[in-house]
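The lines below spell out each chain.
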Amino acid sequence: MNKAESGYLEYELQNHGWFPVQAPEEAQVVILNTCSVRKTAEDRIWGRLGFFKAQKKTHAFRLVLMGCMSERLKEEILNEAPHVDLLVGNFQKHRLVDVLEHGDTVPEAIAEGSGRNAQRRPRAEVHQEAHLIDSGEYRFAERHSVSGFHAYLPIMHGCNNFCTYCIVPYVRGSEVSRNPESILAEISRIQTPEHTTGQMIREITLVGQNVNSYRYRNQDGTTLTFPALLRRIVPVLQDRTWLRFITSHPKDMSAELIDLIATEPALCPHIHLPVQHGSSRILQAMGRRYTREQYLDLVARIRKTIPEVSLTTDILIGFPGESEEDYGLTLELMRTVRFEDAFMYRYNPREGTRAFELGDDVPEKVKKERLSGVIDLQRRITREVKNDKLGRIVEVLVEGISKKNEGELLARTERDEMVVFPGSPQQIGSFVRVRLNNLQGSTFRAELIEAGRS
Ligand code: SAM
Ligand code: SF4
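First, a word on scope: everything that follows refers to the structure included in this document. (Residues numbered from 1 in each chain as written. Chains lettered and ligands numbered in written order. Predicted model: local features only at pLDDT ≥ 70, side-chain atom pairs only at ≥ 80, totals over all residues. Heavy atoms only, no water.)

**Quick notes on the packing of helix α11 (residues 255-263) against helix α13 (residues 292-305)**
(1) Moving on: Close contact between α11 and α13 brings their axes to 9 Å; oriented N to C, the two are set at 30 degrees. By the angle class used here, α11 and α13 are roughly parallel. When the axes of α11 and α13 are compared, the crossing they make is right-handed. Contact with α11, carried on its side by Ile258, Asp259 and Ala262, involves Leu298, Ile302 and Thr305 of α13 and no other residues of that element.
(2) Moving on: Counted by class, the contact of α11 with α13 contains 4 nonpolar, 1 polar and 1 charged residues. (Axes fitted to C-alpha atoms, helices over the stretch in contact; angles between N-to-C directions. Helix = DSSP H or I, 4+ residues; strand = E, 2+ residues; numbered from the N terminus. Parallel < 35°, antiparallel > 145°, perpendicular 65-115°, else oblique. Left-handed = near helix turned anticlockwise from the far one by under 90°. Contact = heavy atoms within 4.5 Å. Nonpolar A, V, L, I, M, F, W, Y, C, P; charged D, E, K, R; others polar.)

**Considerations on the state of the cysteines**
(1) Moving on: Enumeration according to the criterion identifies 0 disulfides in this entry.
(2) Moving on: With no disulfide of its own, Cys35 has Cys68 as its nearest cysteine by sulfur position, at a separation of 6.2 Å. (Disulfide = S-S within 2.5 Å.)

**Describing the site of ligand 2**
(1) Moving on: Around ligand 2 sit Cys159, Asn161, Phe162, Cys163, Tyr165, Cys166, Val168, Pro169, His249 and Arg288, and those are all the residues in its vicinity.
(2) Moving on: Here the shell around ligand 2 is composed, by residue class, of 7 nonpolar, 2 polar and 1 charged. (Near = heavy atom within 4 Å.)

**What about the sheet that holds strand β17 (residues 431-440)?**
(1) Moving on: Taking strand neighbours around the barrel as the criterion, the 5 strands line up as β14-β15-β16-β18-β17 in a closed arrangement whose pairing is mixed. The average angle at which neighbouring strand axes cross in this sheet is 55 degrees, direction not considered.
(2) Moving on: Sheet analysis places strand β14 (residues 393-401) next to β17, joined by 5 bridges and oriented antiparallel. The residue bridging Val394 from the neighbouring strand is Val434, located in β17. (Pairing = 2+ DSSP bridges.)

**Regarding the environment of Asp341**
(1) Moving on: Tracing the backbone through its elements, the reader meets Asp341 in strand β13 (residues 341-346).
(2) Moving on: Placed 78 residues apart in sequence, Asp341 and Thr263 show a C-alpha to C-alpha distance of 24 Å.
(3) Moving on: Residues in contact with Asp341, not counting those within four places in the same chain, are Leu311, Thr312, Thr313, Gln378 and Thr382.

**Here we look at the pattern of salt bridges**
(1) Moving on: By the definition in use, this model includes 34 salt bridges.
(2) Moving on: Of the charged contacts in the structure, one is a salt bridge between Asp239 and Arg202, with a shortest N-O distance of 3.7 Å. Pair noted here: Asp239 is in the loop between α10 (226-233) and β10 (242-246) and Arg202 is in the loop between α9 (180-190) and β7 (203-207), with a separation of 37 residues, a long-range link.
(3) Moving on: Since its relative accessible area comes to 4%, Arg202 is described here as buried.
(4) Moving on: Put simply, Arg244 and Glu203 hold a salt bridge, and the shortest N to O gap is 2.5 Å. Within this pair, whereas Arg244 is found in strand β10, its partner Glu203 is found in strand β7, the two being separated by 41 residues in sequence. There is no split in this pair, since Arg244 and Glu203 are both buried. (Salt bridge = Lys/Arg side-chain N within 4 Å of Asp/Glu carboxyl O. Buried < 20%, exposed > 50% of the residue type's maximum accessible area, 1.4 Å probe, protein only.)

**Here we look at the side chain of Ser402**
(1) Moving on: On the secondary structure map, Ser402 appears in the loop between β14 and β15 (408-413).
(2) Moving on: Polar side-chain contacts of Ser402 include one of 3.2 Å to the backbone nitrogen of Lys404.
(3) Moving on: In contact with Ser402, not counting residues within four places along its chain, are Glu408, Leu409, Leu410 and Val420. (Polar contact = N/O pair within 3.5 Å; in protein donor to acceptor, adjacent residues only side chain to side chain.)

**Focus on the pairing of strand β18 (residues 443-450)**
As a general feature of sheets, a regular strand has side chains that alternate between the two faces.
(1) Moving on: Across 2 bridges, the pairing between strand β16 (residues 418-422) and β18 is parallel. Bridge pairing in β18 links Val420 to Arg445.
(2) Moving on: With 7 bridges joining them, β17 and β18 adopt antiparallel strand pairing. The partner of Asn438 across the bridge, within β18, is Arg445.
(3) Moving on: Hairpin connection from β17 to β18: 2 residues lie between these consecutive antiparallel strands, with Gly441 at a positive phi of about 65 degrees.

Interpretation note: all reported values are geometric properties and have no functional meaning in isolation.
Structural data, given as structure tokens:
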């Protein structure tokens, strides 16, 4: 989501004559788009703020902090990072370009601000006040900058689930679904050769905190659901395009959606389906609204309907009250499902969430040990699952030149697996067939079997 929203700003800024620079000391404006999901993400931004504080001593530029940290830590940033010139919350991103260009002429009611820092730091207050004016209304950007052959397109924003550990519903607000006409128009735009970079988009990922709860109320009172949206998108895709989506909440994974993935060739057979934990007791405490058994049943139904599906997940270890037995159940679930890959985290208490009240009783040392346990297990499973695919001939979309070896190309399968193979840059942006020969880490090494069309 942050990548997509940064893409929107990039598009707007470039259309207003701003362009990216190579080094911080050349910049007139520096924008940090932030995440608050984990403390580590916020810590990195505090580090960056320190870096730019030092930079400000040697040259002049405006420092903008936007995104979830601006929502969550507004006061703290105003007080502890006075070198931040603009604070832009999630509901005000569409105003940033205007304020950067006409900062001195924004309406007075907004410019004056109302907080205790209003006189000292009027710029920051512009956005504190703007937040109040815009609160509750998220505006989807109509256009995003895209580069390469892949685009992230937001289709919904916010979350109504309030998992007890998660800050997202507080910083992103309630779910809103984007107007389908705007989604279709943007897809048509980025699939014309004239779009910003002149390359043909071959892969689109629809993004949202919980895409499968997408619901758009049409003017005639009917509701467009996520599978219905996908059915509207498929016919407007130009030529050959892969369509993906993240993230799906297991409780909203309908039979209709599973059937659609199985039958619609444009939809990639890859589902990111965060399980979070293997113990029903912990899942309940997390507020996930499914049990271990229900999740396993869902996986069985998905695999039955889409036999070649690749399933990836998120795992969150060290939630308050997690026992050795709960942890063991998570390892066992991982062994049963055999996810292709996983994002694995250790629990961070987030102030303001319901779980914060439960304390943080799993010692850090134990959390780290348990996290290494799940990481080791997943690495082994990933290797085994991928080893089973060696020798197969598969289609891949060539994304670019390998960073490690200029003579090799980097590509992706429709199951979201990375592949490198020797090839020429002319293949970039086309679908080709390769044979998967061996594994390097979790990346397949392959050889070209059949060149494709671009
Ligand atoms: N909406 C998605 C879902 O329901 O699974 C997840 C979105 S969340 C922004 C991404 C991941 O961050 C979660 O799946 C969870 O594993 C992790 N996460 C969220 N809150 C966390 C916390 N307090 N500490 C550590 N990881 C957290
Ligand atoms: Fe956070 Fe995802 Fe739960 Fe929403 S569904 S509260 S984004 S973990």
